Amino acid sequence: MTATANGEYRGVWVFIEQVNGEPAPVSWELLGVGRQLADTLEVELAGVLLGQGVAGLAREAWAYGADRVYLVEDAILGPYRTAPYARALVELVKGYKPEILLLGATSLGRDLSGAVATALETGLTADCTGLHIDPETRLLEQTRPAFGGNVMATILCRHHRPQMATVRPRVMPLPRRQEDRQGKLVRVTVPFAGEEAGVQVVEIIAEPGKAVYLDRAEIIVAGGRGLGSRENLHLLEELAGVLGGTLGASRAAVEAGWLPPEYQVGQTGTTVRPKVYFAIGISGAIQHLVGMQTADVIVAINQDPEAPIFKVATYGIIGDFLEVVPALTEEFRRQLAGCPA
Ligand SMILES: Cc1cc2nc3c(=O)[nH]c(=O)nc-3n(C[C@H](O)[C@H](O)[C@H](O)COP(=O)(O)OP(=O)(O)OC[C@H]3O[C@@H](n4cnc5c(N)ncnc54)[C@H](O)[C@@H]3O)c2cc1C
């Protein structure tokens, strides 16, 4: 039977993702937004921790804002497999009835959320960029780009519970960690049948180190089609070098072959949240903006004063990057000379 919104469902839950005991930072970002949602609804915020030997992470969840942690520990939950993880989460939801369930839009979270939502026969909105409560209806407003990012759609799940959403890493800010914050630990046993996993993990092969971890970069110097050629990239490399930053790119620059795909920022690339983002020769298409507009400071350099990038820029410089970028690099070099690294 389908769970309906009859008031029996209360509380906000965040799935705490871990692999080999290593938590995915998106879990803490979700506790940050989960805290706001729970406070607005005046309900509890809980983390859900599944695995083996992972109880220690409950302390982290409390520090990042959870009031309570539901913990299922079982050997079958050692390496991630869809069936037992989904089973455990579904059992918990059925037992404790949260009204909202959030997961990170990582490959694990995407896989698990779909399996859980279908088993619970409830609604799931993937890749949300905004989550708010409508104070009148208490419904979760789940906003995400749709139609190739040309429309921001706000989606509601009026009648079924829990309201489920995934959010990409770095879309929400990391909340402040409160070292001595304490919460409740609720251990739950799920009776797994022997061969329930369905899948056997034979070997886990680590991905060779990526050239660039844009989502962790504090300063990004990104270039777009306006660069005109691969050769001009060296001007951005010099600026990034002086600032200790990382290069980034619009899709147009990646499609032109100037930078490899892992440098792409945006809806179909990486979502970034650096302290400073330089958008150089980037027009500011919505699909690019959704991946970088939460940067603390955005510096746009573009010769077209009408370019939409200026709408989100903290500082805008209208001009030819061939002149502006070397001048900036030189000035930063001068200013930073003698500063400790
Ligand atoms: C489903 C879908 C997903 C997408 N996903 C992404 C994504 O993840 N990331 C992404 O970036 N795009 C994405 N796009 C593409 C996006 O719509 C834009 O086409 C793209 O972002 C444009 O890149 P750009 O800003 O570099 O190029 P343009 O839009 O061509 O802009 C170039 C800019 O450079 C300026 N310029 C030119 N010469 C100079 C100069 N000498 N000095 C200074 N400025 C100059 C111009 O004024 C212009 O504003 C997606 C599109 C779709 C349909």
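The notes below deal with the structure included here. Computed from a predicted model, the values in this text were never measured in an experiment. (Residues numbered from 1 in each chain as written. Predicted model: local features only at pLDDT ≥ 70, side-chain atom pairs only at ≥ 80, totals over all residues. Heavy atoms only, no water.)

Of all hydrophobic cores here, the largest spans 42 residues; its most connected members are Leu236, Tyr277 and Ile280. Secondary-structure elements contributing two or more residues to this core are strand 13 (219–223), helix 5 (233–243), strand 14 (246–249), helix 6 (251–255), strand 15 (276–280), strand 16 (297–302), helix 8 (309–312) and helix 9 (321–336). Among the elements that make up this core, the one with the highest residue count is helix 5 (6 residues). In this view, Tyr277 contacts Ile220, Ala222, Val265, Val272, Ile282, His288, Met292, Ala295, Val297, Ile298 and Val299; residues no more than four positions away in its chain are not counted. Ranked by size, the runner-up nonpolar core spans 34 residues in total, among them Ile16, Leu102, Val171 and Met172. (Core = buried A, V, L, I, M, F, W, Y, C linked by side-chain atoms within 4.5 Å. Buried < 20%, exposed > 50% of the residue type's maximum accessible area, 1.4 Å probe, protein only. Helix = DSSP H or I, 4+ residues; strand = E, 2+ residues; numbered from the N terminus. Contact = heavy atoms within 4.5 Å.)

Quick look at the pattern of salt bridges now. Going through the model one piece at a time under the given rule, you end up with 15 salt bridges. The shortest N-O distance in the salt bridge between Glu8 and Lys97 comes to 3.7 Å. Taken together, the residues span a long stretch of sequence, with Glu8 in the segment before strand 1 (12–16) and Lys97 in the loop between helix 3 (82–96) and strand 6 (100–104) at a distance of 89 residues. Its salt-bridge partner being Asp67, residue Arg181 comes within 3.0 Å of it at the nearest N-O pair. A residue pair is termed long-range when its members are at least 10 positions apart, and Arg181 in the loop between strand 11 (163–167) and strand 12 (184–187) and Asp67 in the loop between helix 2 (57–63) and strand 5 (68–73) qualify at 114 residues. A single salt-bridge network, built from bridges that share partners, covers Arg35, Asp39, Asp67 and Arg181. (Salt bridge = Lys/Arg side-chain N within 4 Å of Asp/Glu carboxyl O.)

Attention shifts here to the environment of Glu323. The residue Glu323 is located in helix 9 in this model. Residues Glu323 and Glu121, spaced 202 residues apart in sequence, show a C-alpha to C-alpha distance of 57 Å.

Another point: the side chain of Asp127. Locating Asp127 in the fold gives a position in strand 7 (residues 124–128). At 3.3 Å, the side chain of Asp127 forms a polar contact with the side chain of Arg110. Filtering out sequence-adjacent residues up to four positions away, Asp127 remains in contact with Ala105, Arg110, Arg144, Pro145, Thr166 and Arg168. (Polar contact = N/O pair within 3.5 Å; in protein donor to acceptor, adjacent residues only side chain to side chain.)

Attention shifts here to the side chain of Thr329. For Thr329, the location among the structural elements is in helix 9. Beyond its immediate chain neighbours, meaning those up to four positions away, Thr329 contacts Leu235, Glu238, Leu239 and Val242.

Below, the discussion takes up the packing of helix 5 against helix 9. One can describe the packing of helix 5 onto helix 9 by two numbers: an axis separation of 9 Å at closest approach and a directional angle of 20°. By the angle class used here, helix 5 and helix 9 are roughly parallel. Relative to helix 9, helix 5 is oriented so that their crossing is left-handed. On helix 9, the residues touching Leu235, Leu236, Glu238, Leu239, Val242 and Leu243 of helix 5 are Phe321, Leu322, Val325, Pro326, Thr329, Phe332, Arg333 and Leu336. Looking at side-chain class alone, the contact of helix 5 with helix 9 contains 11 nonpolar, 1 polar and 2 charged residues. (Axes fitted to C-alpha atoms, helices over the stretch in contact; angles between N-to-C directions. Parallel < 35°, antiparallel > 145°, perpendicular 65-115°, else oblique. Left-handed = near helix turned anticlockwise from the far one by under 90°. Nonpolar A, V, L, I, M, F, W, Y, C, P; charged D, E, K, R; others polar.)

Attention now moves to the sheet that holds strand 14. The strand order 14-13-15-16-17 describes an open sheet built from 5 strands, whose pairing is parallel. Each of the sheet's edge strands pairs with one partner strand only, and the pair in question is strand 14 and strand 17 (315–318). Between one strand axis and the next, the sheet turns by 20° as a mean value, whatever way the strands run. Of the strands in this sheet, strand 13, strand 14 and strand 15 touch helix 5, which is tilted by about 175° from strand 13. (Pairing = 2+ DSSP bridges.)

Moving on, we come to the packing of aromatic side chains. On inspection of all chains with the given rule, the structure shows 5 aromatic pairs. Taking 4.6 Å as the distance between ring centres and 45° as the angle between the ring planes, the aromatic pair formed by Tyr70 and Tyr96 counts as tilted. Placement of the pair is Tyr70 in strand 5 and Tyr96 in helix 3, with a sequence separation of 26 residues. The exposure class of Tyr96 is partly exposed, given its relative accessible area of 37%. Through successive ring pairs, a cluster of aromatic residues spans Trp13, Tyr70 and Tyr96. (Phe/Tyr/Trp six-rings, centres within 6.5 Å; stacked < 30°, edge-to-face > 60°.)

This brings us to the sheet that holds strand 12. Pairing between the strands of a sheet comes from backbone hydrogen bonds, and it takes one of two forms, parallel or antiparallel. Sheet architecture is open: 7 strands sit in the order 7-11-6-1-4-5-12, paired in parallel fashion. Only two strands of the sheet have a single neighbouring strand rather than two, namely strand 7 and strand 12. For this sheet, the mean angle separating the axes of adjacent strands, direction not counted, is 25°. Bridging between strand 5 and strand 12 involves 4 bridges; their strand directions are parallel. Each bridged residue has a counterpart across the sheet, and for Val69 the counterpart in strand 12 is Leu185. Against the sheet, helix 3 contacts strand 1, strand 4 (45–51), strand 5, strand 6 and strand 12, and its axis sits at roughly 150° relative to strand 4. Seen against the sheet, helix 4 (residues 107–120) touches strand 1, strand 6, strand 7 and strand 11 and runs at an angle of roughly 150° to strand 6.

Moving on: the site of the ligand. Close contacts around the ligand come from 25 residues, with Arg225, Ser250, Thr268, Ser283 and Asn302 the closest. The separation between a nitrogen atom of the ligand and a polar main-chain atom of Val265 is 2.8 Å. Interatomic distance of 2.6 Å between a side-chain N/O atom of Ser283 and an oxygen atom of the ligand. Here the ligand has 990 Å² of accessible area as a free molecule, and 77% of this is covered by the chains. Listing elements by their share of the shell around the ligand, those giving two or more residues are helix 6 and helix 7 (286–289). Looking at side-chain class alone, the shell around the ligand contains 5 nonpolar, 16 polar and 4 charged residues. (Near = heavy atom within 4 Å. Areas by Shrake-Rupley, 256 points an atom, 1.4 Å probe, with all protein chains shown as cover.)

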